[in-house]
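# Working through the structure, step by step
Listed here are the chains, written in short residue letters.
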Amino acid sequence: MTAETPFISLRNVRKVYRAADAEFLAVSDVTMDVREGELVSLVGPSGCGKTTILKILAGLHAADGGDVTIGNAATPFDPGRDIGMVFQQALLLKWRTILDNVLLPAEIVGLPIKAARGRARELLKLVGLAGHEDKYPQQLSGGMQQRAAIARAFVHDPKLILMDEPFGALDALTREQMNLEMLRIWRESGKTILFVTHSIQEAVFLASHCAVLTAGPARMAEYFPIELPFPRALPLKTSDEFGVYARRIYARLGLGTG
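Remember, it's a predicted structure, so these values are computed and weren't measured experimentally.

## Structural notes on the environment of leucine 60
Topologically, leucine 60 is positioned in the loop between helix H1 (50-57) and strand E4 (65-70). Between the C-alpha atom of leucine 60 and that of glutamate 23, which follows or precedes it by 37 residues, the distance is 19 Å.

Rendered as structure tokens:
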């Protein structure tokens, strides 16, 4: 795969949900390219179709129009094996230890358990949970549970990580800390990540590129790079350069800026 070849390509993607007596257009026209190793934020109003786009990429829903391509002939892509997902709630199994929760995707895809256990321990160390392997979810804070969920998404070494409002249920201070952790994990792993958020600040702070979606049905208002240097620290959010990107998103969403 060359640097010019997108890892993910969406072209005029459309999705309609059908009930017995009605149709609902969830996504009307989304086009974007995502290159390997990028972290792309998807930001837009509630109900605009962000989660639907993730479900299409995950193979959980088929698009009703347009083209969706992930990988290429040189890098074949298997949605059942090559995707890791993180949700707004950690969704850890309360009867399994943290280590065993992280191991679950490896068990499902049939990876050798000894090697997977070693990788799970490395990931727990990466997300700051070394020493908590034998605890149960209810013994950890919400932020720590979400770190475990992130480790779980990486354990089977997927090519693509899909994250749907993963920090939306956390308090503000924990969320800020998790933003820093997310950047560190992404930079160290080199994974391609699509990150859905309602937070404009979070979208700018985390992403190498940002997709701004209109109110449902989703349409791409703008897709652009976030050309702020890495590594990023929280004081960046108060800078003029950061404000330029935030105001750009506000404008695309039709929100007042002052």
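## Notes on the sheet that holds strand E7 (residues 192-197)
Spatially, the nine strands line up as an open sheet ordered E4-E1-E2-E9-E8-E3-E7-E6-E5, and their pairing is mixed. Bordering the open sheet on either side are E4 and strand E5 (83-86), each of which pairs with just one other strand. Direction aside, neighbouring strands of the sheet carry axes that sit 20° apart on average. Where strand E1 (residues 8-18) meets strand E2 (residues 23-34), eight bridges bridge the pair, whose relative direction is antiparallel. Among the inter-strand pairings, valine 16 is bridged to a residue of E2, identified as leucine 25. Running at roughly 110° to E1, H1 makes contact with E1, E2, strand E3 (39-43), E4, E5, strand E6 (160-164), E7 and strand E8 (209-213) of the sheet. Against the sheet, helix H6 (residues 172-189) makes contact with E3, E6 and E7, and its axis sits at roughly 160° relative to E7, the strand it touches most.

## Overview of the pattern of salt bridges
Any two side chains of opposite charge can pair, on the condition that their charged atoms come close. All chains considered together, the criterion is met by 15 salt bridges. Where aspartate 100 meets arginine 117, a salt bridge forms, and the shortest distance between an N and an O atom there is 3.9 Å. Pair noted here: aspartate 100 is in helix H3 (residues 98-109) and arginine 117 is in helix H4 (residues 113-126), with a separation of 17 residues, a long-range link. The exposure class assigned to aspartate 100 is partly exposed, which follows from its relative accessible area of 24%. Notably, a salt bridge pairs glutamate 222 with arginine 248, separated by 2.4 Å at the nearest N-O pair. Of this pair, glutamate 222 sits in strand E9 (residues 218-225) while arginine 248 sits in helix H8 (residues 240-252), and the two are 26 residues apart along the sequence.

## Focus: the state of the cysteines
Chemically, a disulfide is nothing more than a covalent bond linking the sulfur atoms of two cysteines. What the rule picks out here adds up to zero disulfides. Lacking any disulfide linkage, cysteine 48 is separated from the closest cysteine sulfur, that of cysteine 210, by 11 Å. Given a relative accessible area of 1%, cysteine 48 falls into the buried group.

What counts and what doesn't
Residues numbered from 1 in each chain as written. Predicted model: local features only at pLDDT ≥ 70, side-chain atom pairs only at ≥ 80, totals over all residues. Heavy atoms only, no water. Helix = DSSP H or I, 4+ residues; strand = E, 2+ residues; numbered from the N terminus. Pairing = 2+ DSSP bridges. Axes fitted to C-alpha atoms, helices over the stretch in contact; angles between N-to-C directions. Contact = heavy atoms within 4.5 Å. Salt bridge = Lys/Arg side-chain N within 4 Å of Asp/Glu carboxyl O. Buried < 20%, exposed > 50% of the residue type's maximum accessible area, 1.4 Å probe, protein only. Disulfide = S-S within 2.5 Å.

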